[in-house]
Amino acid sequence: MRFTLRAGGFAVVAALAATVALLHPEVRPQAGAARAAQPAVELPADLAMVPADATGFVHVRLADLWKNEVMEGFRKTWEKAGPKALAELDRQFVPAPSTISRGTAFVLIDDKKRPHAVGVLAFSAAFDPAKVLKTYLPNHTTEKVNGKTVYRSPDMPVDLYFPDDKHIVIGSEGSLDAYLAKAPAKDGPMAHAIKLAASPAKVVVASADLSALPIPPDSFKDVPPEALPILKAKQLTLAVDLGKDARFDVRAGYADDAAARDAEKAVKALADLGRKELAKTKKELEEKFYDPKIKTPRGPEELPEALAAVFALGAIERLDETLTDPKLIARDKAELAVAVPLPKEVLVTLSGMSAFGAAVVAPAMGKVRTAAARTQSQNNLKQLMLAIHSYHDANGHLPQDIVDKNGKPILSWRVAILPYIEQNNLYNKFKLDEPWDSANNKQWSQVRIRVFTSPSATLPENLEWGTTNYRGISGPGAAFDPTAKMKLTFAHFTDGLSNTIALIETEDSVPWAKPDDFPFDPKKPLPKIVPPGGQKVFQVGMGDGSVRAISTTIDEKTLKAAFTRNGGEVIDIDKGK
């Protein structure tokens, strides 16, 4: 799913008395106090979908977080784009980004101890599920799971379910089957965290049943011994409260009173250690700030450092007060709670600074995305070259276009390697004696396969076929040689596999099932190579499975030599740039 949220898990333990606000630092139940049964809480639809017997759970109130004063800096920057830009953003995407209200994720463990991750997106306005499917799962199929319709696609690693027109349930492959097989449990370790998440002030709630997680025995081998009692918690809940008194709350449940008591001692010991470290830092700052050798008045270039020093001294004092607050740590039998205040003025300041920073780094983020897309494309080429090698090992020769009885190519070699890129089911649907666009094969040629598509390339509008940006070098003496009288093997690459280009990435896309590759004739000029995304380099898969990035300024003679498998040339691709 291509949504970015405006932006294991953790577990709730024992309930507090009905008259006490959960995770409230000012009022704590005394040890041994009787606990009244909590009144029923009516949950919003998205939280009602979360099974209380889940292993992990996280809930983010995106709209409430966005409206909170701590996000004022971001919000003002965003709104400066103007109503026209914001309306256009909503017009271009479905569901409209401005209607995203809440995001929830949870993990279920099935009977075979396999984890299943499921997400729920809640929207404030109705959307058209058909448009969502057309946009994100254009090649979807449907399947009924316990009477509910699940949408799947071979070219996307997610399944979708629409309980109504304001919610989207997203699962990794197979996760929705496990989730929808039965109604969400109402009782379990997540029950109290789910109720806690219903509070508008709790913008983030995360919970995990630690006792159910497969934590390796040596995970804590490097943890200081004095901190180990803290890590023996069976359940853990975290919450960010941005109400009147903003705070970060942690609540941990232990096996018994003794374990919780040991953890309480460890937390207090760490707080004392933290105070000592703060004292050292404060002393160093004061010695530097109050240094009698400082010549005054100081120059304007030193003002930022001086301001930072004063702010740091104030922050240290405030943190020290927090660590000495008797309300910081509270224990109720086998339950331990820590409440850390979050100064709103600091959060608001950080929000404003972050908003400014986001505007400054936006150009850099574009470069990061370009680099990430190039890395993904490199991985695609590696997977395709690995598939070619696997095919060669299994069949004794390289894959080639599938031909009819007259020798005419009717299906691409890419169809032949489908079983080697985890698409064996799709391969079995093709009739190998029919053209790629025949009545039977057409529907399968329309399937989009991620490994065939460069993330840097621009997809054509109104796609009729599944396409690819990775094409074999096809021509006399090339890795894919339609003129060859024999089936090629790696032994025919006498120039060396590491010196021969087998695949090339281009902006131009072709139907992946169609026998259509990059044409090469050593006696003619090469077709123009257009790298995807307007880049100045294009990536290639070498015969040995490695991937190289080649500059568009490489001279044609060198490139032609790299396209041949047995030309006898001595080349250096890097020096040919």
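Predicted model, so just to flag it, every value in this text is computed and none were measured.

> Residues and numbers for the sheet that holds strand β16 (residues 501-511), please.
The five strands are arranged β17-β15-β16-β18-β19 in an open sheet whose pairing can be described as mixed. The open sheet is flanked by β17 (518-519) and β19 (547-551), the only strands paired with a single partner. Taken together, the two bridges between strand β15 (residues 467-474) and β17 define a ladder with parallel strand orientation. Each bridged residue has a counterpart across the sheet, and for serine 474 the counterpart in β17 is proline 519.

> Give a detailed account of the packing of aromatic side chains, specifying residues and quantitative values.
Evaluated as defined, the whole model comprises 14 aromatic pairs. On the numbers, 4.6 Å between centres and 25° between planes, the contact of tryptophan 413 with phenylalanine 480 is stacked. Here the residue tryptophan 413 occupies a position in helix α11 (residues 413-416), and phenylalanine 480 occupies one in the loop between β15 and β16, the gap between them amounting to 67 residues. For the pair shown, tryptophan 413 and phenylalanine 480 are each scored as buried. A network of ring pairs unites the aromatic residues Phe123, Phe127, Tyr151 and Phe162 as a single cluster.

> Before we move on, can you summarise the nonpolar core with the specific residues and values?
Ranked by size, the top nonpolar core spans 33 residues in total, and within it Leu418, Ile449, Leu503 and Trp512 carry the most contacts. Considering every element that reaches this core, the biggest residue donor is helix α10 (residues 344-395), with five residues. Dropping the residues within four chain positions of it, leucine 503 is found in contact with Leu381, Leu384, Met385, Ile388, Trp413, Arg471, Gly472, Phe480, Gln539, Val540 and Gly541.

> I'd like a rundown of the confidence of the model for the protein, residues and numbers included.
Per-residue confidence for the protein averages 84 on the pLDDT scale, and 87% of its residues sit at or above 70. The low-confidence segment residues 1-38, where pLDDT is below 50, has 112 contacts with residues more than four positions distant or belonging to other chains.

> With reference to specific residues and values, describe a nonpolar patch on the surface.
There is a patch of nonpolar side chains on the surface, built from Ile215, Phe220, Leu228 and Leu231 and spanning about 290 Å² of accessible area. Classification of leucine 231 by relative accessible area gives partly exposed; the value is 35%.

The rules behind the values
Residues numbered from 1 in each chain as written. Predicted model: local features only at pLDDT ≥ 70, side-chain atom pairs only at ≥ 80, totals over all residues. Heavy atoms only, no water. Pairing = 2+ DSSP bridges. Helix = DSSP H or I, 4+ residues; strand = E, 2+ residues; numbered from the N terminus. Phe/Tyr/Trp six-rings, centres within 6.5 Å; stacked < 30°, edge-to-face > 60°. Buried < 20%, exposed > 50% of the residue type's maximum accessible area, 1.4 Å probe, protein only. Core = buried A, V, L, I, M, F, W, Y, C linked by side-chain atoms within 4.5 Å. Contact = heavy atoms within 4.5 Å. pLDDT = per-residue confidence, 0-100. Patch = residues over 30% accessible without salt bridge, like charges linked within 9 Å, V, L, I, M, F, W, Y side chains within 5 Å. Areas by Shrake-Rupley, 256 points an atom, 1.4 Å probe, with all protein chains shown as cover. Salt bridge = Lys/Arg side-chain N within 4 Å of Asp/Glu carboxyl O.

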